[in-house]
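One-letter residues, chain by chain:
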Amino acid sequence: MHERRFKAEIGRLRSPERVALLEVDRVIEECLSGLKVQSVLDVGTGSGIFAEAFAKRGISVTGIDPNPEMLKAAKEFVAQGKFRKGIVEEIPYKDKSFDLVFLSHVLHESDDIPKALAETKRCASQRVVVLEWPFREEEIGPPLEHRLDSASVEAISRRVGFQHVKTIELMHMILFIFS
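Residues numbered from 1 in each chain as written. Predicted model: local features only at pLDDT ≥ 70, side-chain atom pairs only at ≥ 80, totals over all residues. Heavy atoms only, no water.

1. Some details on the nonpolar core
Ranked by size, the top nonpolar core spans 31 residues in total, and within it F50, F54, F102 and L131 carry the most contacts. Of all elements in the fold, only α2 (16-22), α3 (24-32), α4 (49-55), α5 (68-77), β4 (98-104), β5 (124-132) and β7 (174-178) reach the threshold of two or more residues within this core. Among the elements that take part in this core, α4 stands out by supplying six residues, more than any other. Beyond its immediate sequence surroundings of up to four residues, F54 is in contact with I28, C31, L32, V40, I59, V61, L100 and F102. Residues I91, V101, I113 and L117 belong to the second largest nonpolar core, which totals 25 residues. (Core = buried A, V, L, I, M, F, W, Y, C linked by side-chain atoms within 4.5 Å. Buried < 20%, exposed > 50% of the residue type's maximum accessible area, 1.4 Å probe, protein only. Helix = DSSP H or I, 4+ residues; strand = E, 2+ residues; numbered from the N terminus. Contact = heavy atoms within 4.5 Å.)

Okay, structure coming up:
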């Protein structure tokens, strides 16, 4: 039974409607803008939607996720990627291990947002990019009380030491770029 639920979850995560909401190509362009990126850590990789998009651009991809079944699915979609169990508050890699650290819909799930952002900053040599739901009530995505307002995210990012903070409003999401 769990296997069936899991397969349905992967299908839902990768449905054309959901992928369109994510604006994957635009997000990747914004992530890479102005940088020469050779390695990316996809935190909370899930089924590997963004890991796959980075890999298609010739970038070395590593992904972490707390769910071993998601890691298995990601590996199926991104055979050349490296995937292991991990959480954003305790990233299992050394300082500055990746040019870019990317999080899609992970920060609002974190138990400790300052620690999560500090960990991403520690592991990134160039940039951290966070994709999140906008802070508004919508039919799709989490309820409003689970969403993060941009001002809070920006304030926390500065407290953990990011010097540059850029917020981009996409059609259905918010993209935060930290360096």
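Having seen it, we continue.
2. As for the environment of I64
Within the secondary structure, I64 sits in strand β2 (residues 60-65). I64 sits in the buried class, given a relative accessible area of 0%. Setting aside its immediate chain neighbours within four residues, I64 contacts L41, D42, V43, G44, T45, L71, R84, G86, I87, I91, P92 and Y93.

3. Focus: the pairing of strand β6 (residues 165-169)
In regular strands, side chains alternate between the two faces of the sheet. Sheet analysis places β6 next to β7, joined by five bridges and oriented antiparallel. Bridging from a neighbouring strand, T167 pairs with F176 of β7. The turn joining β6 and β7, which pair antiparallel and follow one another in sequence, is formed by four residues. (Pairing = 2+ DSSP bridges.)

4. Structural notes on the environment of S150
Tracing the chain through its elements places S150 in helix α7 (residues 150-159). Each C-alpha atom, one on S150 and one on P134, is 8.0 Å from the other, the two residues being 16 residues apart in sequence. Ignoring any residue separated from it by four or fewer positions in sequence, one finds S150 in contact with T167, I174 and F176.

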